[in-house]
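# Understanding the architecture of this molecule
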Amino acid sequence: MKMEEYMKAISLRKHVKKQPLVTLNDTDTVGNALSLFKRKGITSAPIKNTSRKSSEEVLLGLVGVADIVYYVLSLVPKLDSITPEELKKMFITSELIEETSVYNIIDKSRLNPLVELYETDTALQLFLSVLKKGVHRIVLVNGDNVAMQTMSRSDIIKLVAEGIKKGELDKIGEVQVGDMIKRNDNIVSVKDTDNILACLTNIKASGHKSIPVVNDQNQLVGNFSCSDIHRVNQDLFIEFHTQVSKFSTNKPISLKMTDTLETVVSTMVQPDRSVHCIWVVDDEDHVIGSVSMTDVLRYLSKLKMTDTLETVVSTMVQPDRSVHCIWVVDDEDHVIGSVSMTDVLRYLSKLKMTDTLE
């Protein structure tokens, strides 16, 4: 069975969890969010409107650990302007954290925009929404537009892992890591002797949510992610001078270029946790790349799309109507993406004034 057929046959309604959706109120503070995340073992939550006038329940957005990390970094000077003495004295007190409401840091990292799907939608629509809009999770709502739960990239990876295990996906599991990514010997990393501030700063600079921790021989010895802020945080303050080795994950999971996609997805979705990014190492444990859930989804979506921009715009503006969004299909009419007027305008904005459409 092909990927599109497999995903299209799965209704999201079958995967609605029985437990109630964990949410935050717009009046809750960043400190409240940190406590909730740690207590519930989650990394993000939708924000409900409780202080703004509305006749119905409205979600204002999502806040995750990455948004909190970006907020924390906005409160401190740049790393290169801090002396070691100043760094040792620096910490964020509970007063600063408690003064800021989660409403003020909604999607501060630009990684958690609010995207909703209906429970009657299929896993294919979840797949395309996550991949196309670049979001890490969506909010699933019922017919009354009441939020039921959130679904993330890890839920899609779980479905892929199940499909491979049951033999329902044609040879996808045999694909190797080396087919999905290219070797990169310049992966941004931190030393196990670096402090927490350096680690968080490098995470933000890299645009990822985690970073490898290496020793003096540049061998992988740990992993630090945005979610580790739970363990860094002690009574709602962060001591930035603390060595990252005290909080990073020891003996991190790693892969080789020859490992298969089946190994990748089964490693990412474990019974007790989800691993969003796995470092790829050589035979000497030097980091030479990474495989994220996004990499897996992008690889699975790769199919040919050969129509020209001329065809796209002429299809969008017809004599009797305008088409704001066009579905992209492969040779067997399987939906593999979409092109909107916004996509066209964004592409055109990148061209120089002297460039031609041809």
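Residues numbered from 1 in each chain as written. Predicted model: local features only at pLDDT ≥ 70, side-chain atom pairs only at ≥ 80, totals over all residues. Heavy atoms only, no water.

## Regarding the pairing of strand β16 (residues 277–281)
With 4 of 5 residues buried, β16 is to be regarded as a mostly interior element. In this structure, strand β13 (residues 254–255) lies alongside β16, joined through 2 bridges in parallel fashion. When the sheet's bridge partners are listed, L255 is paired in β16 with V280. Alignment of β16 against strand β17 (residues 287–292), held across 5 bridges, turns out to be antiparallel. (Buried < 20%, exposed > 50% of the residue type's maximum accessible area, 1.4 Å probe, protein only. Helix = DSSP H or I, 4+ residues; strand = E, 2+ residues; numbered from the N terminus. Pairing = 2+ DSSP bridges.)

## Details of the sheet that holds strand β2 (residues 44–48)
Reading across the sheet, the 3 strands line up as β1-β2-β3 and stay open at both edges, with mixed pairing between neighbours. Single-partner strands in this sheet number two, and they are β1 (24–25) and β3 (59–64). With 5 bridges connecting them, β2 and β3 associate as antiparallel partners. Residue P46 lies in a different strand from β3, and its bridge partner there is L62.

## Here's the deal with the pattern of salt bridges
Considering all chains together, one arrives at 4 salt bridges under this definition. Note that D185 is salt-bridged to R183, the shortest N-O span being 3.0 Å. We classify D185 as exposed; its relative accessible area is 52%. With a shortest N-O distance of 3.9 Å, R183 and D282 are connected by a salt bridge. Pair noted here: R183 is in the loop between α8 (177–180) and β8 (190–191) and D282 is in the loop between β16 and β17, with a separation of 99 residues, a long-range link. Note on D282: relative accessible area 17%, which makes it buried. Through salt bridges with shared partners, a single network forms among R183, D185 and D282. (Salt bridge = Lys/Arg side-chain N within 4 Å of Asp/Glu carboxyl O.)

## A few points about the packing of helix α11 (residues 261–268) against helix α12 (residues 293–300)
The geometry of α11 relative to α12 is characterised by a closest axis approach of 11 Å and an angle of 140° between their N-to-C directions. On the basis of their axis angle, the class for α11 and α12 is oblique. Between α11 and α12 lies a crossing whose hand is left-handed. Counted together, L261, V264, V265 and M268 of α11 and M293, V296 and L300 of α12 form the full contact between these two elements. (Axes fitted to C-alpha atoms, helices over the stretch in contact; angles between N-to-C directions. Parallel < 35°, antiparallel > 145°, perpendicular 65-115°, else oblique. Left-handed = near helix turned anticlockwise from the far one by under 90°. Contact = heavy atoms within 4.5 Å.)

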